[in-house]
Amino acid sequence: MTAHAQSSRSVNPFKQPKAVFAVAFACVVSFMGIGLVDPILPAISEQLNATPSQVTLLFTSYLVVTAVAMLITNWVSSRIGAKRTLIVGLALIVVFAALAGGSGSIGGIVGFRAGWGIGNALFIATSLAVIVASASGGFVGAIILYETALGVGIAVGPLLGGLLGNVNWRGPFYGVAVLMAVALVATVVLVEPIPLPARRTGLGEPLRALRHRGLLTMSLTALCYNWAFFTVLGYAPFPMGLGAIQLGLVFTGWGALVAIFAVFGAPRLQARLGIARTLYANLALFALTVLAIAIWTDNRTVLIVCVIVAGVFIGVNNTVTTQAVMTVAPVDRAVAAAAYGFVRFIGGGLAPFAAGKLVEAFGIHVPFYIGAGALVLGIVILSTAHGLLKEAEKVQAEQVDAPGTGTAVSLVPVEHVAAVSGDAGRGAIVAAVDGSPDARRVAEAAGRLATINGRTVHVVHAEESAVAGDAAADAEDLESARAAVREHLERLTALGVPAVGHVLRNVTGHGEVGRLVAEHAERTGARAIVVGAPARGGLTALMDAGAGQSLMRYATCDVVLINPRSAEREPAA
């Protein structure tokens, strides 16, 4: 089995707590707001005497404000809590959706859609973090569930917009207000309060996160992809010349394919092709589809078929790209989601308005040619991060679902240029270290054992993100964990001991650390696991009652316990 096939092993994203489904339902309604206005764009244009480019501002105001507001979502949620942020976001959507329905001018609707975008940003960024943290299907299952909600919302939105819009263009706005009010009540009742993080997020953190090459590259690729996506979504209804219900059915078919391929198609393609080849092929095929729309814009049949087929590529891209972003980002996932959302929604927001202006200046075909070109540019940008995509594949390949925690644990390799070459295969010595002063003695003891047998040391460090009861510990970021591992690798290298390093991410309990270290040792054919005696959490707590039992239960090799107090008795050299 290939590495990327392993990363997509079977998970059931639909076995979730009620609270997760409450947030997912709210996601569905929230994403309805994206495709909701498609069937009523021509009607609004006609009844309010607005040009198509003015009407596309319904997308632009909504998505651009959503993008900018993404930058403050973590600042807000780290101060008032995730649940309260969800509630504030949902409440804003209810209010502004109802106000948009009651507006009598295109300017009023555009303004209220902007307010709707603020609520949408608070909700979207926080909901993704909550689902990833709480879903029992693991990290990959959580992303699939989130993208399923996106697909269903986008699919149902146009249908609702068509049915209600056929009666009156105000109907869809009132419909969303009612449904989101239901989601608001469900969130208040079913979602448990989430403890505030130990560290408050700064306002500038999402922008600073974009300094990381992997996150910036994936975000710029998503900007190009979203430019094409929302050019099709925002302007294709005008040349179709269909009624509200007919447009609703067309975009419902499109959204249904988004949902189906986000849930079923994307994992299978990724398992077969890997992340990089899946994204390259998907973007290329999407570019050809948008190019066909550009060439045959005046042919209603071709236009409708291509718009519906585009849902395939959008569904695949949403799931695979979101998983890759969350994997390669070396920052907190909530910050990564905000940074990524900011960039991608900027592209999605500007595209429909630009399409309207381009049509007025150059003709109906030009926006779609530019959309196809944007996808080609996205492929070029993505190709600059091919190595990062390979790393993401490795990380996802070693993901395992921690039973009962709803959080996926991944084993991230740590690169170390100064490492001494050696046999990293069977018979290795695993050094389970944490951030305590005693970790050095653990690594050195593992080095002595490895020297005797001419083997390699595997330094395994767990991020300090364990949860005890209802109190969440301050999370250690990936770069800090990698730095800790590199210190041990440098020390072992100086002693002439070949060593490799790994970071165990998203560990949610000492018992799980014990099991996962034991499983890593078994996979690598390790001869022994060296670990510290109980101290204060982290891996040195492996010999606590539950953790020690877990390690001894699953370990298939010797376990060597290093007692920190023995240092006091060691004879002088």
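Residues numbered from 1 in each chain as written. Predicted model: local features only at pLDDT ≥ 70, side-chain atom pairs only at ≥ 80, totals over all residues. Heavy atoms only, no water.

> Is there a simple way to explain the overall build of the protein chain in this structure?
Within the protein chain, the secondary structure is distributed over 22 helices and nine strands. Counting all 573 residues of the protein chain, 58% fall into the buried class. Here the analysis covers contacts within the protein chain between residues at least 6 apart in sequence; of these, 84% occur between residues at least 24 apart. Total accessible area on the protein chain stands at roughly 21700 Å², and carbon and sulfur atoms take up 62% of it. (Helix = DSSP H or I, 4+ residues; strand = E, 2+ residues; numbered from the N terminus. Buried < 20%, exposed > 50% of the residue type's maximum accessible area, 1.4 Å probe, protein only. Contact = heavy atoms within 4.5 Å. Areas by Shrake-Rupley, 256 points an atom, 1.4 Å probe, with all protein chains shown as cover.)

> Looking at this structure, how should I read helix H5 (residues 57–80)?
Taking 1.5 Å as the rise per residue, H5 with 24 residues should run 34 Å; its terminal C-alpha atoms sit 32 Å apart, in good agreement. Remark: Gly 81 follows H5 within two positions and exhibits a positive phi of approximately 95°. (Expected span 1.5 Å × (residues − 1).)

> Could you clarify how one ought to interpret the environment of Ala 125 in this entry?
Take Ala 125: it is sitting in helix H7 (residues 106–134). The exposure class assigned to Ala 125 is buried, which follows from its relative accessible area of 6%. Sequence separation between Ala 125 and Ala 337 is 212 residues; the distance between their C-alpha atoms is 6.2 Å. Excluding anything up to four places from it in sequence, Ala 125 contacts Met 70 and Thr 73.

> Can you help me understand the packing of helix H11 (residues 213–235) against helix H17 (residues 366–383) in this one?
When two helices pack together, their arrangement is given by the angle between their axes and by how far apart the axes lie. Two numbers describe how H11 lies on H17: the axes approach to 8 Å, and their chain directions differ by 160°. In terms of orientation, H11 and H17 fall into the roughly antiparallel class. In terms of crossing hand, the pair formed by H11 and H17 is left-handed. Counted together, Thr 217, Met 218, Leu 220, Thr 221, Cys 224, Tyr 225, Trp 227, Ala 228, Thr 231, Val 232 and Tyr 235 of H11 and Pro 367, Phe 368, Ile 370, Gly 371, Ala 374, Leu 375, Leu 377, Gly 378, Ile 381 and Leu 382 of H17 form the full contact between these two elements. The residue makeup of the contact of H11 with H17, split by class, is 16 nonpolar, five polar and no charged. (Axes fitted to C-alpha atoms, helices over the stretch in contact; angles between N-to-C directions. Parallel < 35°, antiparallel > 145°, perpendicular 65-115°, else oblique. Left-handed = near helix turned anticlockwise from the far one by under 90°. Nonpolar A, V, L, I, M, F, W, Y, C, P; charged D, E, K, R; others polar.)

> It is not clear to me how a nonpolar patch on the surface should be interpreted in this structure. Could you clarify?
A surface patch of nonpolar side chains, amounting to about 570 Å² of accessible area, comprises Leu 285, Leu 288, Leu 291, Ile 295, Trp 296 and Tyr 369. Tallying contributions element by element places helix H14 (residues 275–295) first for the nonpolar patch, with four residues. In this structure, Leu 288 sits in helix H14. A relative accessible area of 54% means that Leu 288 is categorised as exposed. (Patch = residues over 30% accessible without salt bridge, like charges linked within 9 Å, V, L, I, M, F, W, Y side chains within 5 Å. Salt bridge = Lys/Arg side-chain N within 4 Å of Asp/Glu carboxyl O.)

> Would you mind going over the side chain of His 488 with me for this structure?
Topologically, His 488 is positioned in helix H20 (residues 478–494). Note on His 488: relative accessible area 9%, which makes it buried. Discounting chain neighbours no more than four positions away, the residues touching His 488 are Val 433, Asp 434, Ala 439, Arg 440, Ala 443 and Val 459.

> Would you explain the packing of H5 against helix H6 (residues 82–102) in this entry?
Taken N-terminus to C-terminus, the directions of H5 and H6 make an angle of 125°; their axes are 7 Å apart at the nearest point. In terms of their interaxial angle, H5 and H6 are classed as oblique. Touching Val 76, Ser 77 and Ile 80 of H5 are Ala 82, Arg 84, Thr 85 and Val 88, all from H6. Split into classes, the residues belonging to the contact of H5 with H6 amount to four nonpolar, two polar and one charged.

> Would you mind going over the packing of aromatic side chains with me for this structure?
Geometrically, a pair of aromatic rings is defined through the distance of the ring centres and the angle of the planes. As enumerated under the stated definition, the model contains ten aromatic pairs in all. The interplanar angle of 25° and the centroid separation of 4.4 Å between the aromatic rings of Phe 229 and Phe 230 together place this pair among those described as stacked. You'll find Phe 229 and Phe 230 in the same group, each marked buried. Put simply, the rings of Tyr 225, Phe 229, Phe 230, Phe 251, Trp 254, Phe 286 and Phe 313 pair up and form one aromatic cluster. Its guanidinium or amino end placed over the ring of Trp 116, Arg 113 lies 4.8 Å from that ring's centre, counting from NZ or CZ. Seen from the ring of Phe 345, Arg 344 lies directly overhead, with NZ or CZ sitting 5.5 Å from the centre. (Phe/Tyr/Trp six-rings, centres within 6.5 Å; stacked < 30°, edge-to-face > 60°. Lys NZ or Arg CZ within 6 Å of the ring centre and 35° of its normal.)

> Please explain the nonpolar core as it appears in this structure.
Grouped together as the largest cluster of nonpolar side chains are 118 residues, with contacts concentrated most on Ile 44, Phe 173, Met 240, Phe 251, Trp 254, Phe 286 and Val 307. Broken down by element, this core gets its largest block of residues, 13 residues, from helix H15 (residues 300–328). In this structure, Ile 44 is in contact with Asn 49, Val 55, Leu 58, Ile 106, Trp 169 and Phe 173, ignoring residues within four places of it in sequence. (Core = buried A, V, L, I, M, F, W, Y, C linked by side-chain atoms within 4.5 Å.)

> Quick question: what am I supposed to make of unusual backbone geometry here?
With the exception of glycine, most residues fall at negative phi, and the peptide bonds are largely trans. Despite not being glycine, Asn 49 shows a phi value in the positive range, around 50°. A relative accessible area of 72% means that Asn 49 is categorised as exposed.

> Would you mind going over the pairing of strand S7 (residues 499–505) with me for this structure?
On any regular strand, side chains alternate: one points to one face of the sheet, the next to the other face. Burial analysis of S7 places six of its seven residues in the buried class, which makes it a mostly covered element. Pairing geometry for strand S4 (residues 457–462) and S7, over six bridges, is parallel. Counterpart to Val 459 in the pairing with S7 is Gly 501. (Pairing = 2+ DSSP bridges.)

> What exactly am I supposed to notice about the pattern of salt bridges here?
Opposite charge on two side chains lets them pair, provided their charged atoms get close. Counted by the stated rule, this structure contains two salt bridges. The residue Lys 357 makes a salt bridge to Glu 360 at a minimum N-O spacing of 3.9 Å. One end of the pair, Lys 357, and the other, Glu 360, are both in helix H16 (residues 333–362), three residues apart, so they sit about a helical turn from each other.

> Help me out: how do you make sense of the environment of Ala 181 in this one?
Relative to the elements of secondary structure, Ala 181 occurs in helix H9 (residues 171–190). Each C-alpha atom, one on Ala 181 and one on Ala 91, is 7.5 Å from the other, the two residues being 90 residues apart in sequence.

> Hey, could you run me through H6 in this one?
Along an α-helix, a turn takes 3.6 residues, which lines up residues three or four apart on a common side. With 21 residues, H6 extends 31 Å from end C-alpha to end C-alpha; this agrees with the ideal 30 Å at 1.5 Å per step. Taken as a whole, H6 has its buried residues at Ala 82, Lys 83, Thr 85, Leu 86, Gly 89, Leu 90, Ile 93, Val 94, Ala 97, Ala 100 and Gly 101.

> Looking at this structure, how should I read the environment of Arg 79?
Note on placement: Arg 79 falls in helix H5. Looking at Arg 79, the relative accessible area reads 26%, which means it is partly exposed. Each C-alpha atom, one on Arg 79 and one on Thr 201, is 8.3 Å from the other, the two residues being 122 residues apart in sequence.

> Please explain the confidence of the model for the protein chain as it appears in this structure.
The predicted coordinates ought not to be read in detail in places where the model reports low pLDDT. Across the protein chain, the average pLDDT comes to 77, with 76% of residues at 70 or higher. Low pLDDT (under 50) marks residues 1–11, which in the prediction has 26 contacts with non-local residues, meaning those over four places away or in another chain. Contacts for the low-pLDDT stretch residues 568–573, under 50 throughout, to residues beyond four places or in other chains number one contact. (pLDDT = per-residue confidence, 0-100.)

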